[in-house]
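# Tertiary structure, described
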Amino acid sequence: MDHDMTKPAPKIGIISLGCPKALVDSERILTKLGAEGYEISDTYDDADVVLVNTCGFIDSARLESLEAIREAMAQNGRVIVTGCLGRDEGAIREVAPGVLSVTGPHQYEQVVEAVHDALPPAHDPFVDLVGPEGLKLTPRHYSYLKISEGCNHACKFCIIPDIRGPLTSRPVGEVLREAERLVEAGVKELLVISQDTSAYGLDLDYAESPWRGRPVKTRMFELAEALGDLGAWVRLHYVYPYPHVDAVIELMAAGKILPYLDIPFQHASPGVLKAMRRPAHQEKTLERIEKWRKICPEIAIRSTFIVGFPGETEQDFETLLDFLEDAQLDRIGCFQYENVRGAQANALPDHVNEEDKLIRWERFMELSQDISQRKLLERVGQTMDILIDEVSEESGAVGRTYADSPEIDGHVYLDNAPELKPGDLVKAVITRSGEYDLWAEIAGDKTP
């Protein structure tokens, strides 16, 4: 078998926009291309082709994606577009008629074929192979683990079912094998993501897969339990508060997975939740949170909310603020409502004006910041495990506790960080706190 060893490897530049699920799509595409000898370029000038993985969820994300495509065309000129916005090829061609190819979300094979057409692989893929963990766009020590595509909900502000289709779960054996490969390759934290993690396996009738000599059901509890045996941090995102979530909280209390729960409550006013077509039981939600804290007192609960949804009154907003005070959530995100092209909420009456939306968002963030500051102050004096994310001479070591998911939550800044590296797990004493972040000093040796 003859190969041209002098020919440089073809280089792909990539811009990955949107949510962690889109990032996983990008990683899968790059893993396939990497197995075929393609290299990743960090610059427009050095890339033979630029791949733009777009987001098309809200209007501002559409604009960001279109601007990224325009920039890639201006800076490089050879551009392949994929992702959620790819469903609207007309809008893409309008701003960039010369793009080489346009495909929709999770169309991996079509994207790879488009790359082949624009930039043929340089060699036989059996010669140069990517490691079993694949190529990752996240740091080596943590990885997103996507367990399903799509969603069966019909929330009026959302077009995810239109973009990504109904719930389509990956068989649990396939997910666990991927997780095992990642941990063997050095990943210390697995972040489970989907549109609705609680519904995992529903479309497969919770079918069983063999795993380490025993059958495991394709269901959230069994998945979390099995992932907890791999020796890595396991963090659950996008969990709806169905009754079976209580059993998963017990896994957290037992130390099997991180005591961290990301639940998108979105609002607290029954009227707004009904208009959104979301479960509208604020009192029951508070009861559930209280129950979870009794099962697992150290649980950190994160949620996101929308202010300014069409029809939201001042009383609705006050109900939301009251809920925040009662619930005392650990991590809180908030968005001002935006129209989403194709979403049913666009046609609702009584849209909130932009000034009122901004004022409500500012009041929400002021309260959530106050709650966060109070809760973090309680951490001072505690000894906690810290997973190191970054180390530099200027800023020392920066890491996270179990209560902090990467990119969206807080950080821990270590004042003394001798010979640490990303991926190290250390015990540290919390010395002071801020609005969202903590400062600490190493308490002892690194944890293996």
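This structure is a prediction, so every number in the text was calculated from the model and none was measured. (Residues numbered from 1 in each chain as written. Predicted model: local features only at pLDDT ≥ 70, side-chain atom pairs only at ≥ 80, totals over all residues. Heavy atoms only, no water.)

### So, the confidence of the model for the protein
Spelled out, the test is: Every residue carries a pLDDT, the predictor's confidence in it, which falls somewhere between 0 and 100. Whether two residues touch is decided by their heavy atoms; if any such pair falls within 4.5 Å, the residues are in contact.
Per-residue confidence for the protein gives a mean pLDDT of 84, with 85% of residues at or over 70. Low confidence marks residues 123–131, where pLDDT is under 50. Its contacts with residues over four positions away, or in another chain, come to 16 contacts.

### Quick word on the sheet that holds strand β5 (residues 101–102)
To be explicit about the condition: For two strands to be treated as a pair, DSSP must find at least two bridges joining them. In this text, helices come from DSSP runs of H or I with a minimum length of four residues, and strands from runs of E with a minimum of two, each type numbered from the N-terminal end. Only the contacting stretch of a helix is used when fitting its axis, a line to C-alpha atoms as for every element, and angles between N-to-C directions run 0 to 180 degrees.
Spatial ordering of the open sheet is given by β2-β1-β3-β4-β5, a layout of five strands whose pairing is parallel. Each having just a single partner strand, β2 (39–41) and β5 make up the two edges of the open sheet. In this sheet, β5 lies alongside strand β4 (residues 79–83) in parallel orientation, the contact comprising two bridges. Bridging from a neighbouring strand, I80 pairs with S101 of β5. Sheet strands touched by helix α2 (residues 59–75): β1 (11–16), β3 (49–54) and β4. Its angle to β3, the strand with the most contacts, is close to 175 degrees.

### Here's the deal with the pattern of salt bridges
As a reminder of what qualifies: Salt bridges are counted wherever a side-chain nitrogen of Lys or Arg sits within 4 Å of a carboxyl oxygen of Asp or Glu. Think of it in three bands: with a 1.4 Å probe and only protein chains considered, a residue is buried below 20% of the maximum accessible area for its type, exposed above 50%, and partly exposed in between.
Enumeration according to the criterion identifies 30 salt bridges in this entry. A salt bridge links D229 to K256, with the shortest nitrogen-to-oxygen separation between them at 2.4 Å. Here the residue D229 occupies a position in the loop between α7 (220–227) and β12 (233–236), and K256 occupies one in the loop between α8 (245–253) and β13 (260–262), the gap between them amounting to 27 residues. For K256, a relative accessible area of 25% translates into the label partly exposed.

### Considerations on the packing of aromatic side chains
Rule in force here: Two rings from Phe, Tyr or Trp (for Trp, the six-membered ring) form a pair when their centres sit within 6.5 Å of each other. Planes less than 30 degrees apart are called stacked, planes more than 60 degrees apart edge-to-face, and all others tilted. In this analysis the charged atom, NZ for Lys or CZ for Arg, is taken to sit over a ring once it is within 6 Å of the ring centre and within 35 degrees of the ring normal.
Taken as a whole and assessed by the stated rule, the structure comprises eight aromatic pairs. Ring centres 5.3 Å apart and planes at 80 degrees place the aromatic pair F309 and Y337 in the edge-to-face group. Placement of the pair is F309 in the loop between β14 (300–307) and α11 (314–327) and Y337 in the loop between β15 (331–336) and α12 (354–377), with a sequence separation of 28 residues. We note that F309, like Y337, is buried. Ring pairs connect the aromatic residues F265, F305, F323 and F364, which therefore count as one cluster. The ring of Y206 carries R219 above its face, with NZ or CZ at 5.4 Å from the centroid. The lysine or arginine in question, R432, covers the ring of W439, its NZ or CZ lying 4.3 Å from the ring centre.

### With respect to unusual backbone geometry
Look at Y206: it is not a glycine, yet its phi comes out positive at around 55 degrees. For Y206, the location among the structural elements is in the loop between β9 (189–193) and β10 (208–211). Y206 sits in the partly exposed class, given a relative accessible area of 27%. If you check the backbone angles, E407 has positive phi at about 75 degrees while not being a glycine. For E407, the position within the fold is in the loop between β17 (396–400) and β18 (412–414). For E407, a relative accessible area of 68% corresponds to the exposed category.

### What about the pairing of β1?
Where β1 and β2 come together, three bridges link them in parallel fashion. Within β2, the position partnered with I12 by the bridge is I40. Sheet topology note: the β1/β3 ladder contains five bridges and is parallel. Looking at the pairing, I12 lines up with V49 of β3.

### Concerning α11
This is how the line gets drawn: Take the residue count of a helix, subtract one, and multiply by 1.5 Å to get its expected span.
Spanning 14 residues, α11 covers 20 Å between terminal C-alpha atoms, matching the ideal 20 Å at 1.5 Å per step. Those residues of α11 that sit buried are D316, F317, T319, L320, L321, F323, L324 and A327. Where α11 ends, the next residue or the one after it, Q328, has phi of about 50 degrees, a positive value.

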